[in-house]
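Survey of secondary and tertiary structure
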Amino acid sequence: MTRTRAREAAVRLIYAQAASGLEPEALVEEYFEPEHLATLAEEEGAIADKPGEAQLAYIKRLVSLAAEHRLELDEIVRSHSHGWRPERITRTAMAVLRCALTELIYLEDPDVTPGVAINEAVELAKNFEEPETVSFINGVLGGYMRSGAESADEPRA
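Every residue gets a number counted from 1 within its own chain, in the order that chain's sequence is written. Where totals are concerned, whole chains, interfaces and linings use all residues; where local detail is concerned, this predicted model gives features only for residues with pLDDT of at least 70, and gives and counts side-chain atom pairs only at 80 or more. The basis for every side-chain value is the complete set of heavy atoms in the structure, and neither hydrogens nor water enter the calculation.

1. Focus: helix 7 (residues 114-126)
Elements are defined by DSSP. Helices are runs of H or I of four residues or more, strands are runs of E of two residues or more, and each kind is numbered from the N terminus. A helix is expected to reach a length of 1.5 Å times the quantity of its residues less one. The first and last C-alpha atoms of helix 7 sit 19 Å apart over 13 residues, in line with the 18 Å expected at 1.5 Å per residue. By the burial criterion, the buried members of helix 7 are Ala117, Ile118, Glu120, Ala121, Val122, Leu124 and Ala125. Note on contacts: a residue pair is in contact if any heavy atoms of the two residues lie within 4.5 Å. In this structure, the buried residues of helix 7 make contact with helix 1 (3-20), helix 6 (91-107) and helix 8 (131-146). The rule is simple: take the accessible area with a 1.4 Å probe, protein chains only, and divide by the maximum for that residue type; under 20% is buried, over 50% is exposed, in between is partly exposed.

Right under this line is the structure:
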């Protein structure tokens, strides 16, 4: 599984975790059970293969950190959502934003630069959202980075 597909799985699981309230670790384990993956085999674009050990750890970390810092992430989105009412932001868009912001703020992975995280989020959003929402996602993430995201007053792990 590529890192891009791992991010896609993380977005799906961040969405599911927010909707269900289940513990992230249990949710990830359940999602990648062979029985569950078999039910996804016919779905177009679904992730129907269990990731390798490194990718599974990456997914678990993203989903866990997004759940742990959900309120902070949502506040960042709200503060950079110029011209968008909170009820206009879809759950899928929020999952993409939470995933990308988690990578930017908490993941501390040298392979994930801000440019990579933002580009991957935008490309992933194109699979799920309308162009206007994709632009919104790009704007929120770009606004976050321009706001001095590296400053000491931003949340860090």
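From this point, the narrative continues.
2. Here's the deal with the pattern of salt bridges
Take a side-chain nitrogen of Lys or Arg and a carboxyl oxygen of Asp or Glu: if they are within 4 Å of each other, that pair is a salt bridge. Within this structure, the stated rule accounts for twelve salt bridges. The salt bridge partner of Asp74 is Arg98, with a shortest N-O separation of 2.8 Å. Of the two residues, Asp74 is situated in helix 5 (residues 70-79) and Arg98 in helix 6; the sequence distance between them amounts to 24 residues. We classify Asp74 as buried; its relative accessible area is 9%. Here Arg98 falls in the buried class, since its relative accessible area comes to 8%. It is possible to trace a salt-bridge network through shared partners that takes in Arg5, Glu8 and Arg12.

3. A short note on helix 1
Owing to its 3.6 residues per turn, the α-helix aligns residues three or four sequence positions apart on the same side. Given a rise of 1.5 Å per residue, 18 residues ought to cover 26 Å, and the 25 Å separating the end C-alpha atoms of helix 1 matches this to within 8%. Along helix 1, the positions that sit buried rather than exposed are Ala6, Arg7, Glu8, Ala9, Ala10, Val11, Leu13, Ile14 and Gln17. Where helix 1 is buried, its residues meet helix 2 (24-31), helix 4 (53-68), helix 6 and helix 7. Once helix 1 finishes, Gly21 follows within two positions and takes phi at roughly 75 degrees, a positive value.

4. Overview of unusual backbone geometry
Leave glycine aside and you will find that most residues have negative phi; peptide bonds, for their part, are mostly trans. At Glu108, a position not held by glycine, the phi torsion is positive, near 55 degrees. Tracing the backbone shows Glu108 in the loop between helix 6 and helix 7. The exposure class assigned to Glu108 is exposed, which follows from its relative accessible area of 53%.

5. A closer look at the packing of aromatic side chains
Two rings from Phe, Tyr or Trp (for Trp, the six-membered ring) form a pair when their centres are within 6.5 Å of each other. A pair whose planes differ by under 30 degrees is stacked, one over 60 is edge-to-face, and the rest are tilted. Across all of its chains, the model carries two aromatic pairs by this definition. Judged by centre distance (5.0 Å) and plane angle (80 degrees), the ring pair of Tyr31 and Phe32 falls under edge-to-face. A relative accessible area of 12% places Tyr31 in the buried class. With centroids separated by 4.1 Å and ring planes inclined at 20 degrees, the aromatic side chains of Trp84 and Phe136 adopt a geometry described as stacked. One end of the pair, Trp84, is in the loop between helix 5 and helix 6; the other, Phe136, is in helix 8, with 52 residues separating them in the sequence. You'll find Trp84 and Phe136 in the same group, each marked buried. Two thresholds decide whether a charge sits over a ring: the Lys NZ or Arg CZ must be within 6 Å of the ring centre and within 35 degrees of the ring normal. When the ring centre of Tyr58 is taken as reference, the NZ or CZ atom of Arg3 above it lies at 3.9 Å. Above the face of the Trp84 ring, Arg88 is positioned so that its terminal group lies 3.8 Å from the ring centre.

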